[in-house]
Amino acid sequence: DVKVTQSSRYLVKRTGEKVFLECVQDMDHENMFWYRQDPGLGLRLIYFSYDVKMKEKGDIPEGYSVSREKKERFSLILESASTNQTSMYLCAWAGLNQPQHFGDGTRLSIL
Amino acid sequence: GQQVMQIPQYQHVQEGEDFTTYCNSSTTLSNIQWYKQRPGGHPVFLIQLVKSGEVKKQKRLTFQFGEAKKNSSLHITATQTTDVGTYFCARGGSGGSYIPTFGRGTSLIVHP
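Only a predicted model underlies this, so the values are computations on that prediction, with no experimental measurement involved.

Asks: Quick one: what's the story with the interface of chain A and chain B, residue by residue and with numbers?
Replies: In this complex, chain A contributes 22 residues to the contact, which on the side of chain B involves 20 residues. Overall, the association of chain A and chain B removes approximately 1,800 Å² of surface from exposure, summing both partners, and the carbon and sulfur fraction of that is 58%. Remark: the boundary between chain A and chain B carries 0 salt bridges. At the junction of chain A and chain B, the tally comes to 3 residue pairs in polar contact (both at pLDDT 80 or more).

Asks: Describe the environment of threonine 86 of chain B, with residues and values.
Replies: Residue and element names in this part refer to chain B. When you line up the elements, threonine 86 lands in strand β9 (residues 85-91). What makes threonine 86 buried here is its relative accessible area of 16%. Separated by 19 residues in sequence, threonine 86 and glutamate 67 have C-alpha atoms that sit 25 Å apart. Side-chain polar atoms of threonine 86 contact the side chain of serine 107, separated by 3.0 Å.

Asks: Explain the nonpolar core to me, using residue names and the numbers behind them.
Replies: Trp34, Ile46, Leu76, Leu78 and Tyr89 of chain A are the most contacted members of the largest nonpolar core, which totals 21 residues. When residues no more than four places from it in sequence are discounted, the contact partners of isoleucine 46 of chain A are Trp34, Tyr35, Arg36, Lys57, Gly58, Asp59, Ile60, Pro61, Tyr64, Leu76 and Tyr89 of chain A.

Asks: A description of the packing of aromatic side chains should follow, citing residues and the corresponding values.
Replies: Per the stated rule, a full pass over the model turns up 11 aromatic pairs over all chains. Relative to phenylalanine 102 of chain A, the ring of tyrosine 35 of chain A lies with its centre 5.7 Å away and its plane at 50°, an arrangement referred to as tilted. Of the two residues, tyrosine 35 of chain A sits in strand β5 (residues 32-38) while phenylalanine 102 of chain A sits in strand β11 (residues 101-102), which places them 67 residues apart along the sequence. For the residue pair tyrosine 35 of chain A and phenylalanine 102 of chain A, the accessibility class agrees, reading buried in each case. Grouped by ring-pair contacts, the aromatic residues Phe33, Tyr35, Phe48 and Phe102 of chain A together with Tyr35, Phe45, Phe88 and Phe102 of chain B constitute a single cluster. The ring centre of phenylalanine 74 of chain A lies 5.9 Å from the NZ or CZ of arginine 68 of chain A, which sits over that ring.

Asks: Tell me about the pairing of strand β6 (residues 42-51) of chain A, residues and numbers included.
Replies: All names here are of chain A. In terms of burial, β6 is a largely internal element, 7 of the 10 residues being buried. Sheet analysis places β5 next to β6, joined by 7 bridges and oriented antiparallel. Bridge pairing links tyrosine 35 to leucine 45 in β6. Hairpin geometry of β5 and β6 is characterised by an intervening segment of 3 residues between the two adjacent antiparallel strands and by a positive phi of about 80° at glycine 40. Where β6 lies against strand β7 (residues 54-57), 3 bridges are found, and the strand directions are antiparallel. Residue pairing for β7: tyrosine 47 is matched across the bridge by lysine 57. Counting the residues that bridge the hairpin from β6 to β7 gives 2 residues, and of these lysine 53 lies at a positive phi of roughly 65°.

Asks: Which residues make up the state of the cysteines, and what are the values?
Replies: Scanning the model with the defined rule gives 2 disulfides over all chains in all. At a sulfur-sulfur separation of 1.8 Å, the disulfide partner of cysteine 23 of chain A is cysteine 91 of chain A. An S-S torsion of about -75° defines the bridge between cysteine 23 of chain A and cysteine 91 of chain A as left-handed. One end of the pair, cysteine 23 of chain A, is in strand β4 (residues 23-25); the other, cysteine 91 of chain A, is in strand β10 (residues 87-93), and 68 residues separate them in sequence. Assigned by exposure class, cysteine 23 of chain A and cysteine 91 of chain A land together as buried. Across the disulfide from cysteine 23 of chain B sits cysteine 89 of chain B; the S-S distance is 2.0 Å. Across the disulfide from cysteine 23 of chain B to cysteine 89 of chain B, rotation about the S-S bond amounts to roughly 75°, and the bridge is consequently right-handed.

Asks: I'd love a proper account of the layout of surface pockets, names of residues and values included.
Replies: For the second largest pocket, the calculated volume is near 440 Å³. Taken together, 21 residues form the lining of the second largest pocket, with Gln37 and Pro39 of chain A together with Gln37, Thr86 and Ser107 of chain B sitting closest to its centre. When contributions to the lining of the second largest pocket are tallied by element, the ones reaching two or more residues are β5 of chain A together with β9 of chain B. Residue contributions to the lining of the second largest pocket peak at 3 residues, all from β9 of chain B. When its residues are assigned to classes, the lining of the second largest pocket shows 6 nonpolar, 11 polar and 4 charged.

Thresholds applied
- Residues numbered from 1 in each chain as written.
- Chains lettered and ligands numbered in written order.
- Predicted model: local features only at pLDDT ≥ 70, side-chain atom pairs only at ≥ 80, totals over all residues.
- Heavy atoms only, no water.
- Contact = heavy atoms within 4.5 Å.
- Buried area = accessible area lost by both parts, 1.4 Å probe.
- Salt bridge = Lys/Arg side-chain N within 4 Å of Asp/Glu carboxyl O.
- Polar contact = N/O pair within 3.5 Å; in protein donor to acceptor, adjacent residues only side chain to side chain.
- Helix = DSSP H or I, 4+ residues; strand = E, 2+ residues; numbered from the N terminus.
- Buried < 20%, exposed > 50% of the residue type's maximum accessible area, 1.4 Å probe, protein only.
- Core = buried A, V, L, I, M, F, W, Y, C linked by side-chain atoms within 4.5 Å.
- Phe/Tyr/Trp six-rings, centres within 6.5 Å; stacked < 30°, edge-to-face > 60°.
- Lys NZ or Arg CZ within 6 Å of the ring centre and 35° of its normal.
- Pairing = 2+ DSSP bridges.
- Disulfide = S-S within 2.5 Å.
- 1 Å grid on protein atoms, 1.4 Å probe; cavity = no way out; pocket = protein on both sides within 12 Å on 5 of 7 lines; lining within 4 Å.
- Points joined across faces, edges and corners; volume = space filled by probe spheres on them.
- Nonpolar A, V, L, I, M, F, W, Y, C, P; charged D, E, K, R; others polar.

Here's what the structure looks like:
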């Protein structure tokens, strides 16, 4: 099975900090995704990438950017963290029209 | 994006009772995926349905895809405490898109 590894399970940062969330997959898959999950709102897509240096906005990209310099690594960046970005962040990969495979998630708190 | 509506949002059952969650769309679905997320965990893929009227079973779980491909259901027979979690449906990508759209999930609470 392909493994998706997120760098941190829990992270606490301060308002205004630049925050990096890292996601690494151990196979050669092109398609990677970043979601945030909030109670009652389900999973919302922030950004996705279908190849190195390629990125597309999802449903809620505001306040976020991404980086895909290598195929196995997809990073989510909070340029200037705000309290409303406190959430659970999930990284995933998927083949074309195939199910999503998620990492363990990063629970991020912005104080 | 095109939405999938999932009901109910929460469901409390006594252990041994049955449970059903429903997923509805106003447009035809190319496929539907179901996921389970245990408390503190991440969503895990359960099954994908593609054909109109399709029914698939996994032990006590029965998944159905409507004849019109606009709705789907997940039914659990005789719930157990291990069934606790949130169940999500997701409409699969279509027209060359691989971007799924997730429902908001149904949280199942099983009382022993």
